[in-house]
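Structural characterization, general
Okay, here's what each chain looks like letter by letter:
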Amino acid sequence: MEYLKINSLWKREGWYFEDRKKHDPAYQSGRQSFIIGDYAEPAFGNIKRWLVDEKIDGTNVRIIWQRPFIGGAHTLTFGGRTDNAQMPSPLFQSLLETFNEELFIQLFPNADTVILFGEGYGPKIQAAGGNYRTTPGFLLFDIFIDGWWLERSAVRDIAQKMAL
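Residues numbered from 1 in each chain as written. Predicted model: local features only at pLDDT ≥ 70, side-chain atom pairs only at ≥ 80, totals over all residues. Heavy atoms only, no water.

Let us look at the pattern of salt bridges. Scanning all chains against the criterion turns up 3 salt bridges. With a closest N to O distance of 2.8 Å, Asp 83 and Arg 62 form a salt bridge. Of this pair, Asp 83 sits in the loop between strand S4 (75-79) and helix H3 (89-98) while Arg 62 sits in strand S3 (residues 59-66), and the two are 21 residues apart along the sequence. When the shortest N-O distance is used, the salt bridge between Asp 112 and Arg 67 registers 3.7 Å. Note that Asp 112 is positioned in the loop between helix H4 (101-107) and strand S5 (113-121) and Arg 67 in the loop between S3 and S4, a separation of 45 residues in sequence. (Salt bridge = Lys/Arg side-chain N within 4 Å of Asp/Glu carboxyl O. Helix = DSSP H or I, 4+ residues; strand = E, 2+ residues; numbered from the N terminus.)

Shown next, in the form of structure tokens:
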């Protein structure tokens, strides 16, 4: 399962929606010009209250734990936003040191599939990564368990239990 692409709350100036302008340097100076009050998606206008977090400049990470079929082994895999995404090796090593099957068995004893969605960040992840921390890390932002998205308070609680 891939995490959905999250675009801005607000529409941006016209170049953003015209492919030929995205790659033309003459239009790049206005690329961060939002059209305040004009939502990027019409459904956003139905939301009366927003909870907004700051975006960390890193790379999308999926951590997938699956309970085995009878007689099989648990699986714990690490991936990017898509199945074809490349993960920096320092981040992969950090994830191996942070997450293990015992942790998932303890926190999700009745779940068949748990997917953690987050951002890998730190040095050697993005150009500014070293400004955040001295070693690669993982910031959890969403959890999908057996077909259900957890509420924000539950995500926060699990992040604390995982020492994230």
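Residues other than glycine seldom take positive phi values, yet Asp 146 does so here, at roughly 45°. With respect to the helices and strands, the residue Asp 146 is situated in the loop between strand S6 (137-145) and strand S7 (148-149). Although it is not a glycine, Ala 163 sits at a positive phi angle of roughly 60°. Mapped onto the elements of the fold, Ala 163 is located in the segment after helix H5 (152-161).

Once that is clear, we can look at the sheet that holds S4. Read from one edge to the other, the open sheet built from 5 strands follows the order S4-S3-S5-S6-S7, with strand pairing classed as antiparallel. Each edge of the open sheet is held by one strand with a lone partner, namely S4 and S7. Examined bridge by bridge, S3 and S4 share 5 bridges and lie antiparallel to one another. Considered in S4, the bridge of Ile 64 is made with Thr 77. Its contacts with the sheet put H3 on S3, S4, S5 and S6, and the angle it makes with S3 is roughly 35°. (Pairing = 2+ DSSP bridges. Contact = heavy atoms within 4.5 Å. Axes fitted to C-alpha atoms, helices over the stretch in contact; angles between N-to-C directions.)

Applying the stated criterion across every chain yields a total of 7 aromatic pairs. A ring pair is formed by Trp 65 and Phe 104, whose centres lie 6.0 Å apart and whose planes are at 15°; its orientation type is stacked. Here Trp 65 is found in strand S3, whereas its partner Phe 104 is found in helix H4, with 39 residues between them in sequence. Each member of the pair Trp 65 and Phe 104 is classed as buried. Directly above the ring of Tyr 121 sits Arg 133, whose terminal nitrogen or CZ lies 5.5 Å from the centroid. (Phe/Tyr/Trp six-rings, centres within 6.5 Å; stacked < 30°, edge-to-face > 60°. Buried < 20%, exposed > 50% of the residue type's maximum accessible area, 1.4 Å probe, protein only. Lys NZ or Arg CZ within 6 Å of the ring centre and 35° of its normal.)

Right, let's get into the environment of Arg 81. You can see Arg 81 is positioned in the loop between S4 and H3. Looking at Arg 81, the relative accessible area reads 29%, which means it is partly exposed.

Attention now goes to the pairing of S3. For S3 and S5, the ladder comprises 8 bridges, and the chain directions are antiparallel. Pairing of Arg 62 across the sheet is with Phe 117, part of S5.

None of this, on its own, says anything about what the molecule does.
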